[in-house]
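Each chain, written out:
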Amino acid sequence: MTDSIETPKGPAQNLPVQNLKDMADLVSLCKRRGFVFPSSEIYGGINACWDYGPLGIELKRNVKERWWRSMTDREDIEGLDAAILMHPKVWEASGHVSGFVDPLVDCKKCKGRFRADKLDLAQCGEKPSKKPGEGPDCQLTEARQFNLMFKTHMGPLEDSAAVVYLRPETAQGIYVNFHNVQQSARQKVPFGIAQIGKAFRNEITPGNFIFRTREFEQMEMQFFVKPGTDMEWFEKWKEMRIQWHLDNGIRKEKLRFHQHKDGELAHYAKAAFDIEYEFPFGWQELEGIHNRTDFDLSRHQQFSGKKLEYFDEQAKERYLPYIVETSAGCDRTLLVALADAYRFDGDRTWLALHPSFAPYKVGVFPLMKKPELVEYTEKVLGEVKTKFRATTDDAGSIGKRYRRQDEIGTPFGVTIDYDTLSNHTVTIRHRDTMVQERISVENLVRYIEDQFKNWNRV
Ligand code: ATP
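Throughout this document, residue positions are counted from 1 along each chain, in the order its sequence is written. Side-chain atom pairs in this predicted model are given and counted only at pLDDT of 80 or more, local residue features only at pLDDT of at least 70, and totals for whole chains, interfaces and linings cover all residues. Just so you know, side-chain values use all the structure's heavy atoms and leave hydrogens and water out.

Draft legend 1. View of the sheet that holds strand β20 (residues 362-366). Ordered in space as β21-β20-β22-β23-β24, the five strands form an open sheet in which the pairing is mixed. Edge positions in the sheet fall to β21 (390-392) and β24 (436-440), since each has one partner strand and no second. Strand-to-strand twist of the sheet, defined as the mean angle between neighbouring strand axes without regard to direction, takes the value 25°. Pairing between two strands requires that DSSP report at least two bridges joining them. Under the DSSP-based scheme used, a helix requires at least four consecutive residues in state H or I and a strand at least two consecutive residues in state E, with every element numbered from the N terminus. Direction of pairing for strand β23 (residues 425-430) relative to β24: antiparallel, over a ladder of five bridges. The axes used here are C-alpha line fits, helices contributing only the stretch in contact, and every angle between their N-to-C directions lies in the interval 0 to 180 degrees.

Below, the structure written as structure tokens:
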């Protein structure tokens, strides 16, 4: 049994495999194949806004589904979908009105605006090979604080009483619902609340494709624990979260922890680690794991005047739980999946995506566009579709069709030829090795299922 699920080893050709070096290659693939398009493109686009196309949305749904299952399949985590617009006092309590600021510098020469703490990631407006401030004519102003929240008005009156904000993080929707969720789901501390949703930040320097945008999605989980057990839970969640990324097939050497030191720690945090990924533009944050203490619940208690304490029935103890937060960007996780999977050997480009992320798991093709082969293909495709998202393609040579699937990360190609009609076997081709095998149609779905189950071991 084990023998039949071994994936054949070895590249079919001996060209050295390269990984993603230039983001432009990924941006171009994403546009060409329908993963990500520039927003409002026919109007010339809008800075740093992107639309997910047919394959991008499938990949994004797969990312979210995998995260959601990893959280809410646990007995001690509940799900939530809170509104984007919240009572304006939420943002006073959270500290965002006064403190959600980035340092902004202007260049009087090129009129560029930059984040003072991220100048190393930016380019001088006149000499793109230089960093802002390093060009011969750069004239950077002193840094001033810029609030990143998008403001809008609720109702027909545009006066200050009607100001609301587009949420800059999903977490606050969880904190204000702490009692609602705990009581309705009859959860006992320690337990968590998970949420996926849009967040908005008026970033000073968005960029690097979908890495930093002004509208993005977060996948956040807030875990409520008894004070004193917080560091233990913090360590557990740190390990569980990096393992999740590894289980998604992300290469180990491309992931690392970055610890926030004293000067870097947010006002609410007792301890914070980022999970960083090495993008072609350097090591950057992918997810944050924070020990937020009882800061959030105590502030909401103070600003709302409502008690948010938890009563432990067994110990007959009343306390304000501490919160351990895991906060991942959905778009960033998707970008990491694509950037990490990108492969090029000088001839062939393919995405070595984890099967659970791949928009299509299988492509089923007739060797030629002959009615009897097409008919058999439809039958096999129907069967495969009962288990996996699958597609077909009959345009061009079989080699070209394989390449098209390689570029969008489809793990398996299945070809129906004349031998199939007589002996009911098909060719199955492995995306990453290009190795081809002949297996019986009867075993096809089982074979693919077994390959996927054992994917992490390959
Ligand atoms: P930075 O300091 O880089 O602006 P941050 O530390 O403020 O980021 P968090 O508030 O910890 O970021 O956000 C949690 C996660 O949300 C990040 O790890 C990232 O994956 C995602 N995220 C934050 N801002 C953006 C953005 N502008 N575009 C896309 N994803 C984002």
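Draft legend 2. Summary view of the side chain of Thr-349. Looking at the element boundaries, Thr-349 is found in strand β19 (residues 349-351). For Thr-349, a relative accessible area of 16% corresponds to the buried category. Beyond its immediate chain neighbours, meaning those up to four positions away, Thr-349 contacts Leu-29, Tyr-342, Arg-343, Phe-344, Asp-406 and Glu-407. Exposure categories follow from relative accessible area, calculated using a 1.4 Å probe and restricted to protein chains: below 20% of the type maximum is buried, above 50% is exposed, and the middle band is partly exposed. Residues are treated as being in contact if the distance between any of their heavy atoms lies within 4.5 Å.

Draft legend 3. View of the packing of aromatic side chains. Two aromatic rings, drawn from Phe, Tyr or Trp (for Trp, its six-membered ring), form a pair once their centres lie within 6.5 Å of each other, and the interplanar angle then sorts them: stacked below 30 degrees, edge-to-face above 60, tilted otherwise. This model, assessed by the stated rule, comprises 21 aromatic pairs. Ring centres of Phe-365 and Tyr-402 lie 5.9 Å apart, and the angle between their planes is 70°; on these two criteria the pair is classed as edge-to-face. Here Phe-365, found in strand β20, pairs with Tyr-402, found in helix α12 (residues 398-408); they are 37 residues apart in sequence, far enough to count as distant. Residue classification places Phe-365 among the buried positions, given a relative accessible area of 1%. Chaining the aromatic ring pairs together yields one cluster made of Phe-388, Phe-412, Tyr-447, Phe-452 and Trp-455. A ring is considered to have a charge above it if a Lys NZ or an Arg CZ atom is located within 6 Å of its centre and within 35 degrees of its normal. Directly above the ring of Tyr-268 sits Arg-292, whose terminal nitrogen or CZ lies 3.8 Å from the centroid.

Draft legend 4. Up close: the domain arrangement of the protein. Domain borders in the structure are assigned automatically or taken from a domain database. Looking at the protein, the domain boundaries give domain 1 (36-88 + 152-339), domain 2 (101-147) and domain 3 (350-457). Computed over C-alpha atoms, the centres of domain 1 and domain 2 are 29 Å apart. Domain 1 puts seven residues into the contact, and the matching count from domain 2 is nine residues. Accessible-area loss on putting two parts together, using a 1.4 Å probe and summing over both, is the definition of buried area adopted here. When domain 1 packs against domain 2, the two sides together hide about 670 Å² of surface, and 59% of this comes from carbon and sulfur. The term salt bridge refers to a side-chain nitrogen of Lys or Arg lying within 4 Å of a carboxyl oxygen of Asp or Glu. Across the domain 1-domain 2 interface, the total number found is one salt bridge. In this structure, the salt-bridge partner of Glu-203 is Arg-115, at a minimum N-O distance of 3.7 Å. Nitrogen and oxygen atoms within 3.5 Å of one another constitute a polar contact, given that in protein one can donate a hydrogen and the other can accept it, and given that sequence-neighbouring residues count only through two side-chain atoms. Across the contact surface, domain 1 and domain 2 share zero residue pairs in polar contact (both at pLDDT 80 or more). Split into classes, the residues belonging to the side of domain 1 that touches domain 2 amount to two nonpolar, three polar and two charged. Here the term charged refers only to Asp, Glu, Lys and Arg, the term nonpolar to Ala, Val, Leu, Ile, Met, Phe, Trp, Tyr, Cys and Pro, and the term polar to all other amino acids, Gly among them.

Draft legend 5. Structural view of helix α11 (residues 371-385). For α11, spanning 15 residues, the distance from its first C-alpha to its last is 21 Å, which sits close to the expected 21 Å at 1.5 Å a residue. Turning to α11, its buried residues number three or more, namely Leu-373, Tyr-376, Thr-377, Val-380, Leu-381 and Val-384. Seen end-on, α11 carries its buried residues on one side only, within an arc spanning 140°. Opposite the packed face of α11, turned more than 90 degrees from it, sit the exposed residues Pro-371 and Glu-375. Where α11 is buried, its residues meet β20, β21, β22 (412-416), α13 (418-423) and α14 (444-453). The span one expects for a helix is its residue count, reduced by one, times 1.5 Å. Taken from the helix axis, the directions to the C-beta atoms give the arc we talk about.

Draft legend 6. Quick look at the site of the ligand. Any residue with a heavy atom positioned within 4 Å of a molecule or strand is treated as near that molecule or strand. Near the ligand lie 17 residues; those nearest to it are Glu-203, Arg-212, Thr-213, Glu-285 and Leu-286. A distance of 2.9 Å is found between an oxygen atom of the ligand and a backbone nitrogen or oxygen belonging to Gly-329. All accessible-area figures derive from a Shrake-Rupley calculation using a 1.4 Å probe, and residue coverage is judged against the displayed protein chains alone. Contact with the protein chains hides 87% of the accessible area of the ligand, taken as 610 Å² for the molecule alone. Those elements giving two or more residues to the shell around the ligand turn out to be β11 (215-225), β14 (282-291) and β17 (322-329). When grouped by side-chain class, the residues that make up the shell around the ligand number four nonpolar, five polar and eight charged.

Draft legend 7. How the structure looks around the nonpolar core. Residues belong to one nonpolar core when they are buried, are Ala, Val, Leu, Ile, Met, Phe, Trp, Tyr or Cys, and are joined through side-chain atoms within 4.5 Å. Within the largest apolar cluster, 56 residues are counted, with the highest numbers of intra-cluster contacts made by Leu-26 and Phe-35. Ranked by the residues each element gives to this core, the list is headed by helix α10 (residues 330-341), at eight residues. Viewed by domain, this core spans two of them, domain 1 (36-88 + 152-339) and domain 3 (350-457), each represented by three or more residues. If you look at the next biggest cluster of nonpolar residues, it comprises 22 residues, including Leu-373, Val-414, Ile-439 and Tyr-447.

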